[in-house]
Structures are given as structure tokens and as C-alpha cells.
Amino acid sequence: MRVNSLIFASISMIAVACGNAGNNENTTKTTPEIVNNTYAIDSLFPAKQAYQISVGDKKTDLFFIKNNRGAGVAITNLGARIMGIAVPDKNGKLTDVALGYDSVKSNLEPGEPFFGAIIGRYGNRIANAKFTLNGTAYNIGKNDGPNSLHGGQEGFYNKVFDANQLSDSSISFSYVSADGEGGYPGTLSTEIVYTFTGNNELKIDYKATTDKATPVNLTNHAYFNLNGAGVGDINNHVLQLNAAHFTPVNETLIPTGELKPVKGTPFDFTTGTAIGARVNDKDEQLDKGKGYDHNFVLTDTSDALKTAAIVSSPISGIVMEVLTTEPGIQFYGGNFLKGGAKTGKKQAEYGYRQGFCLETQHFPDSPNQPKFPGTTLNPGATYKTTTVYKFSVSK
């Protein structure tokens, strides 16, 4: 069974302000057929050969999963990173909606922004790069000012996973993190399974076990642009989040511990709102995050698979629904993307706010905040969580 979450009574009693996200859509969502074979996946995704290098004593590669509609996903075993997602737009044209690189070497550049990576052992930030568990203090990798971000310098994002192609539409990646790696206790065995269904759903199943108690918070750091990767900014995307609260942060983006209502703030996405509509409003939390870079508390914090977010592009007509078993979701609006170097696919620059992330998760800094849902995995238990990115179009 997955890690138990301590859910606040006050949150569980909140009325479902935004209801089931699917019921709030006024447009018809469909899964179109691909009508133009000129836009084949091979022309959208990186070349396999550009991902075949050695990192330490392991070899990297690029793998593909596809469905019977001609859509598909490109994933490298370096960080089990998603490097492309090709789905049809409203006209049936295949469109790559995930930011990535034409060469695996770009993923290894200092300061690279975790494009498409599996994040572990702990997604998001841990304050002052330390925590205490069962009476023992642990110091972990410090890589974000005073804090640890996405597992620190030894995070999973640049580890070479073992790949196992299960079928044309499914692949697993496994990695064993040694006791003490990155400062974390216990040997953690992790398996990630990606499956791409006939309904254009990218399902990610996470599983982990340990031989010592340790914090675990796995997620994926895919950057999306539903206009097409490298096609302008994402401010015109319309976002809905099934979250009536978010967790405000301090100056180093660590949660203060408060669960703040979104109502009356620029963080209210309980109905579909353009991402750029209020991103430049005068607001203390927007100032601290340089825009949106915050954890939202889902209205349904249970471990049931439920809709967390719906986002759509008015240009391509592509709609992405995010379902998860997690209690929270980090909405990041690409505030720190810099562009400049043409290292993206097809020499794209991926500049300021040209991609967004919706990272399903337990809350940031939970190991230091006992009122947040717990993230400790104990020996004998199995960490399990699932997230689905479902693509369709509105017409």
C-alpha cells in the first residue's frame, strides 16, 4: 500500500468548490484521428543515436512508446526523462507538446532545468537541506540556496535507469539508490512504468521499497506547451485546478506551513483562467516565486485517482487533463527559463514562460512539517502512486 497521508480535518470538510473538473468544461473533448502522415513521429522526436552515450559505466538510449493511433512518447533512460509527447491537435496534425533536447548531452549541462525528469528521492524543496527522522538528523545535498531541491546534486534526474520495454505501448525504468546516496537513509529500489494508451493517456506508475525508513516523494518534471514545444509562451493557456487552497512560501520558496484559501487571490484557478491573466499582479506570493511556482492542495486529498487539473491551448485546441493519487500539485509557470542557447528540439530556445509544469506530489518540505501529509516510507511497505496525463482536443 502507498504511504499514508495525514489529511487535515479542516480540508476534508471543505465543499468541493470546483467539483469534478470534467463537469466544468463547456467544450466537447474528443480524441481525433491523425490525418496527415507528413507529421510522423520520427520527424518530431530526437534521433535515437543522439541519445546513445556512456555515463559512468552505463549506457544511455532513447526509447519510444506509441499507441495504435500513431501518437507516442519519447523517453530516455537518463533520469527516465520524457523528451517528447506527440499528440494530434484539433486538425489531426501531430504536435510535440513536451519540451526536450535533440541530444542527451544537453540534459547533463549545469543548471539544466530538469526537463522531463523523474524526480527523487524527494520532489521539490527541503528546507536547509536537512531533516530529522526517528530521532536521527540527516544532511542532504544543498543545491538551491540553503535548500535541497529535487533530491540535491545526487537526484534521480541524471541517474541512468535500467530500461525494460514491456510492449509497444509500455516501458519500465528501474533504479536502486544506495543507502546514504544524497544523504538519504536506506537502499531505495524504484520502478517507474510509462504506458501510453489508445486514448492518448500517458500513465505513470511509481513504485518504491526501502530497507530503512526514508522520505520518498517521486514526481515527473515534464514541461508542457500545448501550442507546441518552442511555440511562444504559455500565458494564453487556460488552466483549471481542483484546489481551494495553496501553500504560501517564504523568500527561499519553502512553505510557511499555512494552507491559504485561493479565493480572492491570483491563485484561484477553480474555474478555467488564462495563466497570464494575473501572473503580473502585485502580490507577495507572485513576487517570491517570480510568478507561479507553488504547491496547490487538492480538494480531494485522498489516494483515489482523481482529476487535479485541466489545461488547454486556444491555438492548437489540445486539452490536457491531469489525474493523480497524490494530495498536491506544483504549478510552475516557467519563470526561470532563460532561452538564449538553441539547445532545444529543432534548435528551439525555450525562453521565459515558454513551458509549464504540473508536478503531482506530496507537499514540499513535509519531512520538516509534521502537519503536512506524511512522506516516510518504512521497510516492509511499498510506495505506490499514479499520475495520468490525458490528451484530447476541444472543438
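Everything numeric here is computed off the predicted structure, so don't read it as measured data.

1. What about the sheet that holds strand E5 (residues 72-76)?
Across a sheet, paired strands are connected by hydrogen bonds in the backbone, their directions being either parallel or antiparallel.
Here is step 1: Spatially, four strands are ordered E4-E5-E6-E7 in an open sheet, and the strand pairing comes out antiparallel. At either margin of the open sheet sits one strand with a lone partner, and together these are strand E4 (62-66) and strand E7 (94-96). Each adjacent strand pair in this sheet contributes to an overall mean axis angle of 20 degrees, direction not counted.

2. Description of the packing of aromatic side chains
Here is step 1: Taken as a whole, this structure holds 24 aromatic pairs when the rule is applied.
Here is step 2: Ring centres of Phe45 and Phe64 lie 6.1 Å apart, and the angle between their planes is 15 degrees; this geometry places the pair in the stacked category. Of this pair, Phe45 sits in the loop between helix H2 (41-44) and strand E2 (54-55) while Phe64 sits in strand E4, and the two are 19 residues apart along the sequence.
Here is step 3: Ring geometry for Phe224 versus Phe356: centroids 5.8 Å apart, planes at 40 degrees, classification tilted. Placement of the pair is Phe224 in the loop between strand E18 (219-220) and strand E19 (238-241) and Phe356 in the loop between strand E26 (328-332) and strand E27 (357-361), with a sequence separation of 132 residues.
Here is step 4: Residue class for Phe224 comes out buried when judged on its relative accessible area of 1%.
Here is step 5: Put simply, the rings of Tyr101, Phe115, Tyr223, Tyr332, Phe336 and Tyr350 touch in pairs and so form one group of aromatic residues.
Here is step 6: If you follow Lys48 out to its NZ or CZ, it ends over the ring of Phe63, 5.1 Å from the centre.
Here is step 7: The lysine or arginine in question, Arg278, covers the ring of Phe269, its NZ or CZ lying 5.0 Å from the ring centre.

3. Focus: the pattern of salt bridges
Here is step 1: Counted under the stated rule, the structure contains 14 salt bridges.
Here is step 2: Put simply, Lys212 and Asp179 hold a salt bridge, and the shortest N to O gap is 2.7 Å. Remark: Asp179 occurs in the loop between strand E14 (170-177) and strand E15 (188-196) and Lys212 occurs in the loop between strand E16 (201-210) and strand E17 (214-215); sequence separation between them is 33 residues.
Here is step 3: For Asp179, a relative accessible area of 38% corresponds to the partly exposed category.

4. Things to note about the side chain of Gln330
Here is step 1: Relative to the elements of secondary structure, Gln330 occurs in strand E26.
Here is step 2: Within the local environment of Gln330, its side chain forms a polar contact with the backbone nitrogen of Asn295, the two atoms lying 3.2 Å apart.
Here is step 3: The residues touching Gln330, leaving out its near neighbours within four places in the chain, are Asn124, Asp293, His294, Asn295, Cys357, Leu358, Glu359, Gln361 and Pro364.

5. Section: the nonpolar core
Looking at soluble globular proteins, one finds that nonpolar side chains tend to be buried together.
Here is step 1: Membership of the largest hydrophobic core comes to 80 residues, with the highest contact counts inside it found for Ile85, Tyr194, Leu241, Met320, Phe331, Leu358 and Phe391.
Here is step 2: For this core, the leading source of residues is strand E6 (residues 81-88), giving five residues.
Here is step 3: With near-sequence residues (within four places) excluded, Phe331 lies in contact with Leu239, Leu241, Phe269, Ile275, Tyr292, Asp293, His294, Phe296, Phe356, Cys357 and Leu358.
Here is step 4: If you look at the next biggest cluster of nonpolar residues, it comprises eight residues, including Tyr122, Ile126, Phe131 and Leu133.

About the cut-offs
- Residues numbered from 1 in each chain as written.
- Predicted model: local features only at pLDDT ≥ 70, side-chain atom pairs only at ≥ 80, totals over all residues.
- Heavy atoms only, no water.
- Pairing = 2+ DSSP bridges.
- Helix = DSSP H or I, 4+ residues; strand = E, 2+ residues; numbered from the N terminus.
- Axes fitted to C-alpha atoms, helices over the stretch in contact; angles between N-to-C directions.
- Phe/Tyr/Trp six-rings, centres within 6.5 Å; stacked < 30°, edge-to-face > 60°.
- Buried < 20%, exposed > 50% of the residue type's maximum accessible area, 1.4 Å probe, protein only.
- Lys NZ or Arg CZ within 6 Å of the ring centre and 35° of its normal.
- Salt bridge = Lys/Arg side-chain N within 4 Å of Asp/Glu carboxyl O.
- Polar contact = N/O pair within 3.5 Å; in protein donor to acceptor, adjacent residues only side chain to side chain.
- Contact = heavy atoms within 4.5 Å.
- Core = buried A, V, L, I, M, F, W, Y, C linked by side-chain atoms within 4.5 Å.

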